[in-house]
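What follows is each chain in one-letter form.
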Amino acid sequence: MAVAWLWLLGAIVTEIVATTSLKLSDGFTRLVPSIVVVVGYVAAFALLSQALKAFEVGTAYALWSGIGTAAVVLVGVVFLGEGMSVAKAGGVVLIIGGVVLLNLAGAH
């Protein structure tokens, strides 16, 4: 199971890199970020598919998308100059709470 967690972590990290690069690609007009987007998403799905050998699909996808979403919000605020509002912070908290609830429900 430890290896599955590594596959899932790799999928999350590559998805974060790909999504950040999507912003930096400027609508696919910049070559290097555009290549990182394509390679990153292919790698993210390949890694996620390996993690799904051990995880339930709902649990893995909730972790992948929830952690990825929260991390991309953080990257946007810290590195891309995007604003943080109370509503945005609350949304991230709700996403994280939803992921936690899905994982607790899957643990039974």
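Residues numbered from 1 in each chain as written. Predicted model: local features only at pLDDT ≥ 70, side-chain atom pairs only at ≥ 80, totals over all residues. Heavy atoms only, no water.

### Some details on the environment of G27
What counts is decided by this rule: Going along the chain from the N terminus, every DSSP run of H or I of four or more residues is numbered as a helix, and every run of E of two or more is numbered as a strand. Type-normalised accessible area, obtained with a 1.4 Å probe on protein chains alone, sets the label of each residue: buried when under 20%, exposed when over 50%, and partly exposed for intermediate values.
Looking at the element boundaries, G27 is found in the loop between α1 (2-24) and α2 (31-51). According to the relative accessible area criterion, G27 is exposed, its value standing at 62%.

### Considerations on the packing of α1 against α2
Our working rule: For every element, the axis is a line fit to its C-alpha atoms; helices are fit only across the contacting stretch, and the angle between N-to-C directions ranges from 0 to 180 degrees. We call two directions roughly parallel when the angle between them is under 35 degrees, roughly antiparallel when it is over 145, roughly perpendicular when it lies between 65 and 115, and oblique otherwise. Each helix crossing is assigned a hand: it is left-handed if the near helix lies turned anticlockwise from the far helix by less than a right angle, otherwise right-handed if that turn is clockwise. The residue classification treats Ala, Val, Leu, Ile, Met, Phe, Trp, Tyr, Cys and Pro as nonpolar and Asp, Glu, Lys and Arg as charged. All others, Gly included, are polar.
Their axes nearest at 7 Å, the elements α1 and α2 cross at an angle of 160 degrees. By the criterion of interaxial angle, the relationship of α1 to α2 is roughly antiparallel. The interaxial crossing formed by α1 with α2 has left-handed handedness. Considered class by class, the residues forming the contact of α1 with α2 number 17 nonpolar, six polar and one charged.

### What to know about a nonpolar patch on the surface
Rule in force here: Patch membership requires over 30% relative accessible area and the absence of a salt bridge. Like charges are linked within 9 Å, and nonpolar side chains (Val, Leu, Ile, Met, Phe, Trp, Tyr) within 5 Å. In short, Shrake-Rupley with a 1.4 Å probe defines the accessible areas, and a residue's cover is counted only from the protein chains shown. Any Lys or Arg side-chain nitrogen found within 4 Å of a carboxyl oxygen on Asp or Glu counts as a salt bridge.
A grouping of L24, L74, V78, F79 and L80 is seen on the molecular surface, where their side chains present a nonpolar patch of about 490 Å² in accessible area. At three residues, the largest contribution of residues to the nonpolar patch is made by helix α3 (residues 57-79). Here F79 is to be found in helix α3.

Without other data, these values stay purely geometric and don't point to any function.
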